[in-house]
Amino acid sequence: MKHKPKEAAALEKEKEKAKAAGGAPAPDVEMKDVSAEPDSEPAEPVEKSQKELDLLTLEDIREHVKQIEKAVSSKEPRFVLRVLRTLPSTCRKLNPTVLYKAINGFFVSSTSTRDLLLAFLEEPMDTEGDVQFRPRTGKAASIPLLPEAEAYLQLLLVIYLTNNKRYTDAQKSSDDLMQKIAALNRRALDLVAAKCYYYHARVYEFLNKLDAVRSFLHSRLRTATLRHDHDGQATLLNLLLRNYLVYNLYDQAEKLVSKSIFPEQANNNEWARYLYYTGRIKAIQLEYSEARRTLTNALRKAPQHTAVGFKQTVHKLLIVVELLLGEIPDRLQFRQPSLKRSLMPYFLLTQAVRTGNLAKFNQVLEQFGEKFQTDGTYTLIIRLRHNVIKTGVRMISLSYSRISLNDIAQKLQLDSPEDAEFIVAKAIRDGVIEASINHERGYVQSKETIDIYGTREPQLAFHQRISFCLDIHNMSVKAMRFPPKSYNKDLESAEERREREQQDLEFAKEMAEDDDDGFP
């Protein structure tokens, strides 16, 4: 039996009561569809919510300036780090209204700087109920803004202009900011200045003028090194390496790496960038083992849940380097959801190298050649052709105890048996296969496989794994952070210890005298 809805059942009961009373049945009540009614004032809540969001963003900026001032007064850089950590989320909330009110509210005493920055923004229209933002009132209004806070506010303007693709205005504002930073020598400004250097180079990269900013970055790197500015030094080194690699100046980049020392106090993000750039340089210079080590460390230093684009780029280069080393990458990294789509061409490339199929390798290279050039791995992938041939020779050697050079040339799709003879001879010399060539009869005779445990390969494999584990242990110890000089706060000095021991002795003597007086 089907149950009726409660409204329908109540309506039927009213009709029955009306009939029993002899009256006319009650008219049906029309039920209005509330969801179908249009909102009478749809724009008001949206406007209020936007105003509230702008007010919250302004309050966040006010709190960030307070944190920077606290860091300057207490000489604790961790407060600035806390502000810079929230910079990406703050920049997503920026709009002309927020920036106009923030610059107008903070730059009260320096009107020239305020007018210069406000020239890049349109004045927002005043609306009813608009709250004025006045973070500096009374005596604070006459005190000039700290250079650290001023640089932070101008950095917000540069980021906003860059995100809105106003690169020419961003370049003008950033050039003015760099002149102010270069004229100052304040340790509290180092962290903010490092972030300003990054966005300054970013603006020039969007304008395709990276070569114009190279000399400036070199001069700032010299200054940062002399001042022991570790954050600025790490950022500027990475910016210069990126500058060189964009123009394929690998020799200059390698000289910069060899002549400079990357500071160990740098944060993990800068370490990850530096290791990636170093890995690219080593891969181009045929140092594949060192390139794989640095790229693996770059992935380990990278953020675990963010920076997906960076991890995709590192994985692409790492896969090619492993193939050049004669190793096949693990299939699991191609199945990760964040990497599956971007690594599909490299998966097909890996299959061609693994099977030693030269035709498939040429097909993949022709199909995805433009993508490989965009990724910057095309030059390395061209070198893989010899690896594909070597893999094919190895598989033929394992499958046949004796095979003619004509058959090898046919299987590897080579032009002539002479090419096959040359390739097989080189493979024998490199230790890829254990075989001998009969030049008179034109065939290759494979030797019997020897016991691998009688060679040094197991020892080398164990040595590589042990070194890997020790490196992880050493980096984990270095990554541990301790508050500076906080370990000895609760420890007493030598004078306090002597004073405490003297008090204990006197107290013990008094207790002994009291015990003696208690007995007759």
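Caption draft 1: Spotlight on the overall build of the chain. Regarding its fold elements, the chain presents 25 helices and three strands. The burial tally for the chain puts 38% of its 520 residues in the buried class. For the chain, the accessible surface area stands at approximately 33100 Å², while carbon and sulfur atoms represent 52% of it.

Caption draft 2: Spatial organisation of the side chain of Thr350. Mapped onto the secondary structure, Thr350 falls in helix 17 (residues 344-355). What makes Thr350 buried here is its relative accessible area of 5%. Of note is the side chain of Thr350, whose polar atom sits 2.7 Å from the backbone oxygen of Tyr346.

Caption draft 3: Quick look at a positive patch on the surface. On the surface, a cluster of positive charge is contributed by Arg331, Arg335, Lys340 and Arg354. Relative to the assigned elements, Arg354 resides in helix 17.

Caption draft 4: Region of the structure containing unusual backbone geometry. The backbone of His228 sits at a positive phi, close to 60°, despite the residue not being glycine. Checked against the element boundaries, His228 lands in the loop between helix 11 (214-226) and helix 12 (230-246). The class for His228 is exposed, based on a relative accessible area of 58%. Although it is not a glycine, Asn248 sits at a positive phi angle of roughly 60°. Here Asn248 shows up in the loop between helix 12 and helix 13 (250-259). Among the residues examined, Asn248 registers a relative accessible area of 52% and is labelled exposed.

Caption draft 5: Here's a closer look at the packing of helix 17 against helix 18 (residues 358-367). At a closest axis distance of 8 Å, the pairing of helix 17 and helix 18 adopts a crossing angle of 160°. The orientation of helix 17 relative to helix 18 falls into the category roughly antiparallel. Of the two possible hands of crossing, helix 17 and helix 18 adopt the one that is left-handed. Contacts between helix 17 and helix 18 involve Pro345, Leu348, Leu349, Gln351, Ala352 and Val353 from the former and Lys360, Phe361 and Val364 from the latter. Of the residues assigned to the contact of helix 17 with helix 18, the class counts are seven nonpolar, one polar and one charged.

Caption draft 6: How the structure looks around the pattern of salt bridges. For the structure shown, the criterion picks out 17 salt bridges. In this structure, Arg78 and Glu76 form a salt bridge, with 3.4 Å as the shortest nitrogen-oxygen distance. For Arg78, a relative accessible area of 46% gives the class partly exposed. A relative accessible area of 27% means that Glu76 is categorised as partly exposed. With its nearest N and O atoms 3.4 Å apart, the salt bridge here joins Lys316 to Asp375.

Caption draft 7: Structural context of the nonpolar core. Of all hydrophobic cores here, the largest spans 123 residues; its most connected members are Leu153, Leu156, Phe361, Ile381, Leu384 and Ile408. Among the elements that make up this core, the one with the highest residue count is helix 8 (residues 147-163) (11 residues). Every residue in contact with Ile381, bar those within four places of it in the chain, is listed here: Val320, Tyr346, Leu349, Phe361, Leu365 and Phe372.

Caption draft 8: View of the environment of Phe106. If you trace the backbone, Phe106 turns up in helix 5 (residues 96-106). Since its relative accessible area comes to 3%, Phe106 is described here as buried. When the C-alpha atoms of Phe106 and Ala149 are compared, they prove to be 9.2 Å apart, with 43 residues separating the residues in sequence.

Caption draft 9: The packing of aromatic side chains, seen in detail. Under the defined criterion, the tally for this structure stands at 10 aromatic pairs. Judged by centre distance (6.4 Å) and plane angle (50°), the rings of Phe368 and Phe372 are tilted. Neither residue differs from the other here; Phe368 and Phe372 are each classed as buried. Site record: aromatic cluster; members linked through ring pairs are Phe262, Trp271 and Tyr274. Against the face of Phe462 rests Arg465, its NZ or CZ located 5.9 Å from the ring centre.

Caption draft 10: Highlighting the pairing of strand 3 (residues 443-446). Relative to strand 3, strand 1 (residues 402-404) runs antiparallel, the two being bridged by three bridges. Residue pairing for strand 3: Ser404 is matched across the bridge by Tyr443. Across four bridges, strand 2 (residues 435-438) lies against strand 3 in antiparallel orientation. The partner of Ile437 across the bridge, within strand 3, is Val444. Where strand 2 hands over to strand 3, the hairpin turn is made up of four residues, of which Gly442 adopts a positive phi near 75°.

Caption draft 11: Representation of the sheet that holds strand 3 within the structure. The strand order across the open sheet formed by three strands is 1-3-2, and the pairing between neighbours is antiparallel. Only two strands of the sheet have a single neighbouring strand rather than two, namely strand 1 and strand 2. On average, each strand axis in the sheet is inclined to that of its neighbour by 20°, with strand direction left out of account. Contacts between helix 23 (residues 417-429) and the sheet are confined to strand 2 and strand 3, with strand 2 contributing the most and set at about 150° to the helix.

The rules behind these values
Residues numbered from 1 in each chain as written. Predicted model: local features only at pLDDT ≥ 70, side-chain atom pairs only at ≥ 80, totals over all residues. Heavy atoms only, no water. Helix = DSSP H or I, 4+ residues; strand = E, 2+ residues; numbered from the N terminus. Buried < 20%, exposed > 50% of the residue type's maximum accessible area, 1.4 Å probe, protein only. Areas by Shrake-Rupley, 256 points an atom, 1.4 Å probe, with all protein chains shown as cover. Polar contact = N/O pair within 3.5 Å; in protein donor to acceptor, adjacent residues only side chain to side chain. Patch = residues over 30% accessible without salt bridge, like charges linked within 9 Å, V, L, I, M, F, W, Y side chains within 5 Å. Salt bridge = Lys/Arg side-chain N within 4 Å of Asp/Glu carboxyl O. Lys, Arg positive; Asp, Glu negative; His and termini not counted. Charge placed at Lys NZ, Arg CZ, Asp CG, Glu CD. Axes fitted to C-alpha atoms, helices over the stretch in contact; angles between N-to-C directions. Parallel < 35°, antiparallel > 145°, perpendicular 65-115°, else oblique. Left-handed = near helix turned anticlockwise from the far one by under 90°. Contact = heavy atoms within 4.5 Å. Nonpolar A, V, L, I, M, F, W, Y, C, P; charged D, E, K, R; others polar. Core = buried A, V, L, I, M, F, W, Y, C linked by side-chain atoms within 4.5 Å. Phe/Tyr/Trp six-rings, centres within 6.5 Å; stacked < 30°, edge-to-face > 60°. Lys NZ or Arg CZ within 6 Å of the ring centre and 35° of its normal. Pairing = 2+ DSSP bridges.

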